[in-house]
Amino acid sequence: MELSVFLKNCWYVAAEPQEIGRHLTQRWIVGEPVVLYRTEDGQPKALEDRCPHRRASLSKGTLVGDEVQCGYHGMRFDTQGRCVHIHGQDKIPAAMCARAYPVVQKWRWIWIWMGDPALADEALIPDLSYNDTPGWTVVGGTLHVEANYQLVVDNLLDLTHETFVHSRTIGNAAVADTPMESEVIGQEVHVRRIMQGTPAPPLFKRVRGLQTIDRWQLIRFQPPSSISIDARGYPAGSDDISQGLRWFSINAITPIDERSCRYYWTITRCFDLDDQALSQLIHDQILATFMEDVEVLQAQQKLIETDQRGRPEISVRADLGSVSARRVVQRLIEQEAQPAAGAGHA
Ligand code: FES
Ligand SMILES: [Fe+2]
């Protein structure tokens, strides 16, 4: 299992839009310190959070107009990371530059490109359009997880665990009992599980009053770590989703380092759009559900780290999606390491 190398030529979610404003915010992303802020006209920007002078943390400094002033000796850097002011001297060494990272706000999240800026292309941002589609309403949040990001990706690509971890909300026996199918399409991995005439799980009963349903889970993985799940519950034998439940569970996992990550999630639904109490219920129930995952994942991380025997993991049929996703990312990391690396996953 490769847990030590991150794909760099790709977009990761850096923050939720409301987290970044006219102040300096530090984030560690793929093992690198980043300072995020907005310019006076509201554009999100990101620099390496390491002053090129003596390596102080720029995020501990001050935002002066659109310039970041280091909190140690007061040098100022523009949005491109170029030093534009040194107290007590006029000449600015050309090398006095902090690295600037491309940043884009899209699909209700702020994305950052941690690799070669020349390769940053907005068209490569994973398609999470249901986060921002008229006729759909969104709840969501961010979790800090003390586990390698791949463990979260694995979790979302094999929903067998719903039966055992989430029996209070979205899990019941039908999930684990129904085989899934997995397919690699280009650089994406798609996993399908269709359950016919099955009891609705507890949360589907609460949200839509469903009893016996045909339940669909259509999972789409886009590298490096975005997973959207098209979740549907039709009244059994019907193809009328207007009487059922349909939402997307949209997830983007950003490595902090090899043993922790930030887990950005939303649920976006296309029914009862203005029902605030329902939005709160879904938010709270899904958050509780994901906290059950976090408990499993953090324990798993600790046991992986402390396993001295180096035994290989043993995979089963239900792991096919997550194993395929790891292969895709591994291949992209290998491509990126080649001398003439192009845009990793154009
Ligand atoms: S360390 Fe930033 S100005 Fe000296
Ligand atoms: Fe889960």
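Preceding this section is the structure that the text describes.
Conventions we followed
Residues numbered from 1 in each chain as written. Chains lettered and ligands numbered in written order. Predicted model: local features only at pLDDT ≥ 70, side-chain atom pairs only at ≥ 80, totals over all residues. Heavy atoms only, no water. Pairing = 2+ DSSP bridges. Helix = DSSP H or I, 4+ residues; strand = E, 2+ residues; numbered from the N terminus. Donors = N, O, S within 2.8 Å, 3.2 Å for Na, K, Ca; no water. Tetrahedral: all angles 85-135°; square planar, octahedral: opposite > 155°, others 65-115°. Buried < 20%, exposed > 50% of the residue type's maximum accessible area, 1.4 Å probe, protein only.

Peer 1: How should the sheet that holds strand S3 (residues 32-38) be read in this particular structure?
Peer 2: Note on sheets: strands pair through backbone hydrogen bonds, and any given pair is parallel or antiparallel. Strand order in this open sheet of four strands is S2-S3-S4-S9, and the pairing throughout is antiparallel. Edge positions in the sheet fall to strand S2 (25-29) and strand S9 (100-101), since each has one partner strand and no second. Relative to S9, strand S4 (residues 44-48) is paired through two bridges, and the arrangement is antiparallel. If you follow Ala-46 over to S9, its bridge partner there is Tyr-101.

Peer 1: Please explain the coordination of the iron ion (ligand 2) as it appears in this structure.
Peer 2: Angles at a metal have ideal values that depend on geometry: 109.5 degrees with four tetrahedral donors, 90 or 180 degrees with six octahedral donors. Every protein donor of the iron ion (ligand 2) is accounted for by His-161 (NE2), His-166 (NE2), Asp-293 (OD) and Asp-293 (OD), and the metal-donor separations fall at 2.1 to 2.3 Å. Bound by four donor atoms, the iron ion (ligand 2) shows angles of 58 to 142° at the metal and therefore irregular coordination geometry. One chain supplies every donor for the iron ion (ligand 2), spaced along it as H-x4-H-x126-D. The pair formed by His-161 and His-166 is uniform in burial state, with each residue classed as buried.

Peer 1: Mind showing me how you'd approach unusual backbone geometry here?
Peer 2: Of all residues except glycine, most have a negative phi; of all peptide bonds, most are trans. Residue Pro-224 is reached from Pro-223 by a cis peptide bond, and omega for that bond is 5°. Unlike most non-glycine residues, Val-30 shows phi in positive territory, near 40°. As for its position among the elements, Val-30 is in the loop between S2 and S3. Of the residues examined, Val-30 reaches a relative accessible area of 5% and is grouped as buried.

Spatial relationships are all this shows, so hold off on functional conclusions.
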